[in-house]
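# Residue-level structural notes
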Amino acid sequence: MDFLIAQSEPSDAVRALYNPLRTEKEVWVGSVPSGNREVIKDAGGPVAVIAGSISGALADVENVRRDSREELGRHAKDSDGSFAVAIPKDQSVTVVTDAGGSIPVFYGHGPEGWAVGTRVHDVAVSTGLDTVDRVSAVDFLMNASVCYPYSWYEDVRMVPPGSVCTVGREEMTCHTYWVPEEPADLYKDCDCRPWGRRLRARTKAILHSATAGAERGRVLFSGGTDSRAVLSLMPAEFKCIPTTVLSSKNREYRLAKRSARLLGRELELIQRPENYYRSSIPDRIDRIGPGFDFRHTHLFGPVADQFEDADVVVGGYLADTLFKSHYMSNVARHNTRPDSLLDPCPDEVKHPPGDVGGSPLSTTGGAPFRAQLVAAVQERRREHHQRLKEFRPQTAGNWHRLWPLSTLAYGSYLSSLRMQTKMVEPFLFHENYQLAARMPDAARVDRRAFRAAFADDMGAAGWWPTDSGRIPRLGGYLGNAVRVPIRGTQRLLDALRASDGVQGSWPPFQWGWHNVQVDEHFPEEGTALYQQRLSELMTEEAAREQFSDDDFIPVRLRALTLAFGAKKTQ
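The following paragraphs examine the structure supplied in this document. (Residues numbered from 1 in each chain as written. Predicted model: local features only at pLDDT ≥ 70, side-chain atom pairs only at ≥ 80, totals over all residues. Heavy atoms only, no water.)

### Here we look at the overall build of the protein chain
As a reminder, the rule being used: Every helix listed is a DSSP run of H or I at least four residues long, and every strand listed is a run of E at least two residues long, numbered separately from the N terminus. Here the globule rule is a power law, 2.2 Å times the number of residues to the power 0.38, and the radius of gyration is based on C-alpha atoms. Three exposure classes are used, based on accessible area relative to the maximum for each residue type with a 1.4 Å probe and protein chains only: buried under 20%, partly exposed in between, and exposed over 50%. For this analysis, residues touch if any pair of their heavy atoms sits within 4.5 Å. Residue burial considers only the protein chains on display, and all accessible areas are found by Shrake-Rupley using a 1.4 Å probe. His is not counted, nor are the chain ends, whereas Lys and Arg count as positive and Asp and Glu as negative. Where a charge sits is defined by one atom per residue type, namely NZ (Lys), CZ (Arg), CG (Asp) or CD (Glu).
The helix and strand inventory of the protein chain stands at 21 helices and 19 strands. Against the globule reference of 25 Å for 570 residues, the protein chain gives a C-alpha radius of gyration of 23 Å, in line with a compact fold. By its C-alpha atoms, the protein chain is 65 × 60 × 45 Å across when sized along the principal axes. Counting every position in the protein chain, which comprises 570 residues, the buried fraction comes to 61%. In the protein chain, once contacts between residues fewer than 6 apart in sequence are set aside, the share between residues at least 24 apart is 68%. Here the protein chain displays about 21800 Å² of accessible surface, and carbon together with sulfur accounts for 47% of that area. Computed over 69 positive and 73 negative side-chain charges, the inter-centroid distance for the protein chain is 7 Å.

### Considering helix 18 (residues 476-496)
Counting along an α-helix, one turn takes 3.6 residues, and residues three or four places apart therefore face a common direction. Let me state the cut-off plainly: Helices are assigned an expected span. That span is 1.5 Å times one less than the residue count.
Across its 21 residues, helix 18 extends 31 Å between first and last C-alpha, which sits within 8% of the 30 Å expected from 1.5 Å per residue. Those residues of helix 18 lying buried are Gly 476, Gly 479, Asn 480, Arg 483, Arg 487, Gln 490 and Asp 494. Summarising the contacts, the buried residues of helix 18 are in contact with helix 8 (251-262) and helix 17 (448-458).

### Side note on the sheet that holds strand 13 (residues 216-220)
Filter applied, for reference: Strand pairing is assigned whenever DSSP detects at least two bridges linking the two strands. To define axes, lines are fitted to C-alpha atoms, for helices over the stretch in contact only, and angles between the resulting N-to-C directions are given on a 0 to 180 degree scale.
Here five strands make up an open sheet; going across it, the order is 15-14-13-16-19 and the pairing parallel. Edge positions in the open sheet fall to strand 15 (268-271) and strand 19 (422-424), since each of these has one partner strand only. Neighbouring strand axes in the sheet, compared pairwise and without regard to direction, differ in orientation by 30° on average. Two elements, strand 13 and strand 16 (residues 312-314), share three bridges in a ladder whose sense is parallel. Note on strand 16: the bridge partner recorded for Arg 218 is Val 313. In this fold helix 7 (residues 225-233) packs onto strand 13, strand 14 (239-246) and strand 16, with an angle of close to 155° to the strand it touches most, strand 13.

### Let's talk about the packing of aromatic side chains
Here is the rule: Stacked, tilted and edge-to-face are the three classes assigned to paired rings of Phe, Tyr and Trp, where Trp is represented by its six-membered ring and a pair needs centres within 6.5 Å; plane angles under 30 degrees give stacked, over 60 edge-to-face, the rest tilted. By definition, being over a ring means that NZ of Lys or CZ of Arg is both within 6 Å of the ring centre and within 35 degrees of the ring normal.
In total, this model carries 15 aromatic pairs according to the counting rule given. Taking 5.8 Å as the distance between ring centres and 65° as the angle between the ring planes, the aromatic pair formed by Trp 178 and Tyr 433 counts as edge-to-face. Of this pair, Trp 178 sits in the loop between strand 12 (173-176) and helix 6 (192-211) while Tyr 433 sits in helix 15 (residues 430-438); the two residues are 255 residues apart in sequence, bridging distant segments of the chain. Note on Tyr 433: relative accessible area 0%, which makes it buried. One Lys or Arg, Arg 284, reaches over the ring of Tyr 276 and ends 4.6 Å from the middle of that ring. The aromatic ring of Phe 450 is capped on one face by Lys 324, whose charged end is 4.4 Å from the ring centroid.

### Considerations on the packing of helix 5 (residues 134-143) against helix 12 (residues 371-391)
Which entries qualify depends on this criterion: With respect to orientation, any angle under 35 degrees is reported as roughly parallel, any angle over 145 as roughly antiparallel, any angle of 65 to 115 as roughly perpendicular, and every other angle as oblique. Polar here means any residue other than Ala, Val, Leu, Ile, Met, Phe, Trp, Tyr, Cys and Pro, which are nonpolar, and Asp, Glu, Lys and Arg, which are charged; Gly is therefore polar.
At a minimum axis distance of 9 Å, the contact between helix 5 and helix 12 shows a crossing angle of 80°. When the interaxial angle is binned, helix 5 and helix 12 end up roughly perpendicular. Every residue of helix 12 that contacts helix 5 at Arg 134, Val 135, Ser 136, Val 138, Asp 139, Met 142 and Asn 143 is listed here: Leu 373, Val 374, Ala 376, Val 377, Arg 380 and Arg 381. Of the residues belonging to the contact of helix 5 with helix 12, the class tally is seven nonpolar, two polar and four charged.

### Description of the layout of surface pockets
Definition in use: Cavities and pockets are found on a 1 Å grid laid over the protein atoms alone: a cavity is a set of points where a 1.4 Å probe fits but cannot escape, a pocket is an open set with protein on both sides within 12 Å along at least five of seven lines, and a lining residue has an atom within 4 Å of such a point. Grid points are joined across faces, edges and corners, and a volume is the space filled by probe spheres set on the points.
As a volume, the second largest pocket reaches approximately 410 Å³. Lining the second largest pocket are 21 residues; nearest its centre among them are Arg 65, Asp 67, Ile 87, Pro 88 and Lys 89. When contributions to the lining of the second largest pocket are tallied by element, the ones reaching two or more residues are strand 2 (19-24), strand 5 (45-56), helix 3 (69-77), strand 6 (79-89) and strand 7 (92-97). When the residues that make up the lining of the second largest pocket are grouped by side-chain class, the tally is seven nonpolar, five polar and nine charged.

### Thoughts on the sheet that holds strand 7
Spatially, the six strands line up as an open sheet ordered 4-5-6-7-11-12, and their pairing is antiparallel. Bordering the open sheet on either side are strand 4 (37-42) and strand 12, each of which pairs with just one other strand. Between one strand and the next, the sheet's axes are offset by a mean angle of 20°, whatever the strand orientation. Bridging between strand 6 and strand 7 involves six bridges; their strand directions are antiparallel. The residue bridging Pro 88 from the neighbouring strand is Val 93, located in strand 7.

### Some words on the state of the cysteines
Covalent bonding between the sulfur atoms of two cysteines defines a disulfide. To keep it simple, the criterion reads: Disulfide: a pair of cysteine sulfur atoms within 2.5 Å of each other.
By the definition in use, this model includes one disulfide. At a sulfur-sulfur separation of 2.1 Å, the disulfide partner of Cys 165 is Cys 174. The sign of the S-S torsion, about 110°, decides the handedness of the disulfide formed by Cys 165 and Cys 174: right-handed. Look at Cys 165 and you get buried, because its relative accessible area is 1%. In this structure Cys 147 is a free cysteine whose sulfur lies 17 Å from that of Cys 174, the closest cysteine sulfur available. Owing to a relative accessible area of 0%, Cys 147 belongs among the buried residues under this scheme.

### Quick look at the pairing of strand 11 (residues 163-168)
Burial runs high along strand 11: six of the six residues are buried. Here strand 11 shows no split at all, with Ser 163, Cys 165 and Val 167 on one side and Val 164, Thr 166 and Gly 168 on the other all buried. Pairing between strand 7 and strand 11: five bridges, direction antiparallel. Of the residues in strand 11, the one forming a bridge with Ser 92 is Gly 168. Judged from the four bridges that link them, strand 11 and strand 12 form a sheet pairing that is antiparallel. Along strand 12, the bridge assignment pairs Cys 165 with Cys 174. Counting the residues between successive antiparallel strands, the hairpin from strand 11 to strand 12 contains four residues.

### Here we look at the pattern of salt bridges
As a reminder of what qualifies: Between Lys or Arg on one side and Asp or Glu on the other, a salt bridge is scored when a side-chain nitrogen of the former is within 4 Å of a carboxyl oxygen of the latter.
Going through the model one piece at a time under the given rule, you end up with 28 salt bridges. With a shortest N-O distance of 3.0 Å, Glu 268 and Arg 218 are connected by a salt bridge. Taken together, the residues Glu 268 in strand 15 and Arg 218 in strand 13 connect sequence positions 50 residues apart. Residue classification places Arg 218 among the buried positions, given a relative accessible area of 2%. Across the salt bridge formed by Glu 390 and Arg 387, the nearest N and O atoms sit 3.1 Å from each other. Placement of the pair is Glu 390 and Arg 387 together in helix 12, with a separation of three residues, close to one helical turn. Three or more residues joined by partner-sharing salt bridges are found here, namely Arg 216, Arg 218, Glu 268 and Asp 309.

This is the structure we're talking about:
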């Protein structure tokens, strides 16, 4: 999936990771072959490298050759996919990112020259800019991501989403062709059915395009509403295996198996190895890059290997985030009646569920760290937020983690993209992301547009409960009235089966574990690096003790990234 374009030829260790595509006029171009990389060629050789997948105008070699950033932006708007397109030319490279910035691209100008690439640590090493940014490190530990446009490294930055940018000897120049501008009717009640039809049509087109020419595919199938929606739209004639990854044949497995059968498919289980999330921490960080949460590398190592028999793997990532109310702060949540829309809360940002702290705009969760670093984190987040408020004045809080998409805990997608198999996540594709930006908030609440989009296609599977007790086809008062007793029964049965282990999706170690020992995962040099860097971030001994509290388990886990040295992976 990855590419690296550098002013001069990288070191032997970095070059070993990439297939060189061309070297001319001091520009070295390399990429990692996989189902998530395309190379556009003409008679003279490679013209562009695409990380991810793309269809439409920008996949045409004649359009990619355009010199004008404005023209390339128009072609990008007329394309679809999850993509970052790199077009090297002379002594520079032009990068086109999709609307949501779904594939992060980094750049830097340093003592070793300039570089652009999808692996932040390779850009850092290739430019000589491999000093960790202490503000970014505290931001990552507090908020599970690094605020755009910063990165884990000082002076390495992220290319903007929805943009066409040129990087070379001079400073980067950009043309922004799209931002998620808030619609004027955002707060008006709406008929959700047209929005549902648009979402269904675009998602179906993506899935049919992804499976065209493929013989065998897998759908990541938890048995939840989103995976049922995806499976229900897969072409009936396509050999598609719904696949779940679990630690055992628990309640979630049984619900998923039944719902897959109701959709005419047979579920396959891939069993997680014991202590899966506690293994290979340095390799997980290397796979997605420091500054992204390695706890979310779900498809990795021996689990990812079992997907290589497929031509394409399809997921339902971010459906709940972009098309439901998962990250909405302006929603009142109720147990026994439908959620309801509140007045705008533009400065309220929801923290990742199950994690530490509160809004990234507040001091909550920052106590163990040096006050000046926490203040700098808040200033960066406020600057990002003010930029968002320019085009989303009422819903900047909802979109604080959605623009660009990599501001989320994004390790899941970055890890799956780096499998050899083609990975398709239809809900974050370029056109669906733009649809989400235009969708009125009333259509998200109570999953109204989502139910309108996919309920009919689910058929009988839409009446089978999910792991949360929800009936996918039901909403409103009836949906909640049914969900409460189902969920109560599930919890009772879980308690009776306590000796059988965890009944839900995730084992305890996915979120964290006690007694995190750096030397269990890193060699002596990494342990020393961890201690040195942590001492630069922390306050006095009392704060160190607070850092040891159980509430800070996710932070302690993320802090293992401090032991990662970019040069050690090369």
